[in-house]
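Listed below are the residues making up each chain.
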Amino acid sequence: MEEAQKLQTIQPIVFRQLQNSFEHGRLAHAYLFEGDQGTGKAELALWFAKHLFCLDLQKGMPCEKCNNCLRITSKDHPDVVEIEPDGQSIKVDQIRALQSELTKSGFESAKKVVIIHQAEKMNLNSANSLLKFLEEPPANFMIILETQSLGKILPTIRSRCQIIHFQALSTERLQSRLESEQIPAKTAKLLANLTNSYGKAVEISKDEWFNEARDAVIQWFNYLEKNDPQAFIYVQKKLVKTFKDKTQQQFAFEMLAYFVKEKRDQVMKQNQTDLKTYNYLLEEVLSASQKLEANVSFQNIAEQVTLRIVFA
Ligand SMILES: [Zn+2]
């Protein structure tokens, strides 16, 4: 039951949706789990399989203790087959092997669950091969496709699956997930506030530019907070060189906004009531970010913001 609780916390809507389907016996032959990396798709796929094989359902949920549940957890159940990309793609041979295995084992009587991970990596041949399957699904056969890129799944496949959308992780969950990947807590918190995508956050954290960019913004913030006129020179000396394209520049303001909010929270916790400075800073940063959207140059905006803050 612990597993159920965990999944329910990560994906409350999906969990309820699937649980309802089980309770009312309204299951599809094919599901397409769509959502970002780290949102629990693979875990929910296994939980789904356990639902079908559990020998001792508890209040309609897998017991996690019976022989079948345990074997599915340890990926050792003969009727739960998982397919993952072989190198860069899921090859047609993998799908064919699956087909022949299912035929051989006389699947008409036994239940089978097939989970295809990173389904967007099926090449055209594999996808077409799978399609034949989906067009005439054998009885007691359940397939779960899992993908981060719904757009890369052939429309003909999509239309034969029930699509289940997985929500992005909450900021807190994403942060703790990043921490479990050995990303330091402070960085994990920053990343979780900048994006709600686990994959994106990990990618950013591995980019050398990110460290430099973060340090530059921290330095800028320090100047601004102290009304230090050096903040103005710093724009040209450092920021313009670090934040080159528009995505990076937007990122600069997002990070700055984050550090201002962090500081404001800290100040609030110390029971200081004077939050004026930080609220003013935050307003300026947010409006700067909007100006960038409206195509004003980064240097112009950054200098204006600096002047307005330092000489406020
Ligand atoms: Zn069980």
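Criteria and thresholds
Residues numbered from 1 in each chain as written. Predicted model: local features only at pLDDT ≥ 70, side-chain atom pairs only at ≥ 80, totals over all residues. Heavy atoms only, no water. Helix = DSSP H or I, 4+ residues; strand = E, 2+ residues; numbered from the N terminus. Rg over C-alpha atoms; globule rule 2.2 N^0.38 Å. Buried < 20%, exposed > 50% of the residue type's maximum accessible area, 1.4 Å probe, protein only. Contact = heavy atoms within 4.5 Å. Areas by Shrake-Rupley, 256 points an atom, 1.4 Å probe, with all protein chains shown as cover. Core = buried A, V, L, I, M, F, W, Y, C linked by side-chain atoms within 4.5 Å. Donors = N, O, S within 2.8 Å, 3.2 Å for Na, K, Ca; no water. Tetrahedral: all angles 85-135°; square planar, octahedral: opposite > 155°, others 65-115°. Axes fitted to C-alpha atoms, helices over the stretch in contact; angles between N-to-C directions. Parallel < 35°, antiparallel > 145°, perpendicular 65-115°, else oblique. Left-handed = near helix turned anticlockwise from the far one by under 90°. Expected span 1.5 Å × (residues − 1). Polar contact = N/O pair within 3.5 Å; in protein donor to acceptor, adjacent residues only side chain to side chain. Domains from an automatic or database assignment. Phe/Tyr/Trp six-rings, centres within 6.5 Å; stacked < 30°, edge-to-face > 60°. Lys NZ or Arg CZ within 6 Å of the ring centre and 35° of its normal. Patch = residues over 30% accessible without salt bridge, like charges linked within 9 Å, V, L, I, M, F, W, Y side chains within 5 Å. Salt bridge = Lys/Arg side-chain N within 4 Å of Asp/Glu carboxyl O.

By the naming in an unreviewed UniProt entry, the protein chain goes by DNA polymerase III subunit delta and is assigned to Enterococcus hulanensis.

A.B. asks: Could you clarify how one ought to interpret the overall build of the protein chain in this entry?
C.D. replies: Within the protein chain, the secondary structure is distributed over 15 helices and five strands. Here the protein chain has a C-alpha radius of gyration of 25 Å; the compact-globule value for 312 residues is 20 Å, and the former is much larger. In terms of overall dimensions, the protein chain has a C-alpha envelope of 80 × 45 × 30 Å along the principal axes. Per-residue burial over the protein chain gives 47% buried out of 312 residues. Within the protein chain, contacts between residues at least 6 apart in sequence are counted, and of these 69% link residues at least 24 apart. Accessible surface computed for the protein chain: about 16,400 Å², of which carbon and sulfur atoms make up 48%.

A.B. asks: Would you mind showing me how to read the environment of S21 here?
C.D. replies: In this fold, S21 is placed in helix α2 (residues 12–23). Those residues in contact with S21, other than ones at most four positions away along the chain, are R26, L27 and Y31.

A.B. asks: Teacher, can you tell me more about the nonpolar core here?
C.D. replies: In summary, soluble globular proteins display a tendency toward joint burial of nonpolar side chains. Counting residues in hydrophobic clusters, the biggest one holds 50 residues, and the most contacted among them are L178, W220, F243 and M255. If sequence neighbours within four positions are ignored, L178 has contacts with I183, A188, L191, A192, Y198, A201 and V202. L7, F33, W47 and I115 belong to the second largest nonpolar core, which has 25 residues in total.

A.B. asks: Before we go on, may I ask you to explain the coordination of the zinc ion in this structure?
C.D. replies: Coordination angles at a metal have ideal targets, namely 109.5 degrees for four tetrahedral donors and 90 or 180 degrees for six octahedral donors. Each protein donor to the zinc ion is listed here as C54 (SG), C63 (SG), C66 (SG) and C69 (SG); together their distances run 2.3 Å. Each of the four donor atoms around the zinc ion contributes to a set of angles spanning 102 to 120°, which defines the coordination as tetrahedral. Counting gaps between the donor residues of the zinc ion yields the pattern C-x8-C-x2-C-x2-C. For C66, a relative accessible area of 12% puts it in the buried group.

A.B. asks: Explain the packing of helix α9 (residues 185–194) against helix α13 (residues 246–269) to me, please; I cannot follow it from the model alone.
C.D. replies: For any two helices packed against each other, the geometry is given by the interaxial angle and the distance between the axes. Their axes nearest at 10 Å, the elements α9 and α13 cross at an angle of 120°. Taken as axis vectors, α9 and α13 run oblique relative to one another. The interaxial crossing formed by α9 with α13 has right-handed handedness. Taken together, the residues of α13 that come into contact with α9 (itself represented by K186, K189, L190, N193 and L194) are F251, E254, M255, Y258, F259 and E262.

A.B. asks: Quick question: what am I supposed to make of α13 here?
C.D. replies: Since there are 3.6 residues in each turn of an α-helix, residues three or four apart along the chain are aligned in direction. Here α13 contains 24 residues, and its C-alpha end-to-end distance of 35 Å stays within 8% of the 34 Å for a straight helix at 1.5 Å per residue. Its side-chain oxygen at 3.1 Å from the backbone nitrogen of T247, D245 defines the N-terminal cap of α13. Trailing α13 by a residue or two, N271 shows a phi angle of about 60°, which is positive.

A.B. asks: Looking at this structure, I do not really get the domain arrangement of the protein chain. What am I missing?
C.D. replies: Where interface size is given, it is often the accessible area lost as the parts come together that is meant. Per the domain assignment, the segments making up the protein chain are domain 1 (2–165) and domain 2 (207–310). Spacing between the C-alpha centres of domain 1 and domain 2 amounts to 46 Å.

A.B. asks: What exactly am I supposed to notice about the packing of aromatic side chains here?
C.D. replies: Any pair of aromatic rings gets described here by the distance separating the centres and the angle formed by the planes. Under the definition given, this model contains 15 aromatic pairs. Relative to Y234, the ring of Y223 lies with its centre 5.5 Å away and its plane at 70°, an arrangement referred to as edge-to-face. Here the residue Y223 occupies a position in helix α11 (residues 208–225), and Y234 occupies one in helix α12 (residues 230–242), the gap between them amounting to eleven residues. Judged by its relative accessible area of 14%, Y223 is buried. By relative accessible area, which is 9% here, Y234 ends up buried. Aromatic ring contacts, followed pair by pair, group F15, F22, Y31, F33, W47, F48 and F166 into a single cluster. Its end group placed over the ring of F53, K111 keeps NZ or CZ at 5.4 Å from the ring centre.

A.B. asks: Explain the side chain of K112 here, please?
C.D. replies: Its place among the elements puts K112 in strand β3 (residues 112–116). By relative accessible area, K112 is classed as buried at 4%. A polar contact of 3.3 Å, which involves the side chain of K112, links it to the backbone oxygen of P78. Among the polar contacts made by the side chain of K112, one reaches the side chain of D79 at a distance of 3.2 Å.

A.B. asks: Quick question: what am I supposed to make of a nonpolar patch on the surface here?
C.D. replies: Judged by side-chain polarity, F232, I233, L307 and F311 come together as a nonpolar surface patch covering roughly 400 Å² of accessible area. Mapping L307 onto the fold places it in helix α15 (residues 298–310).

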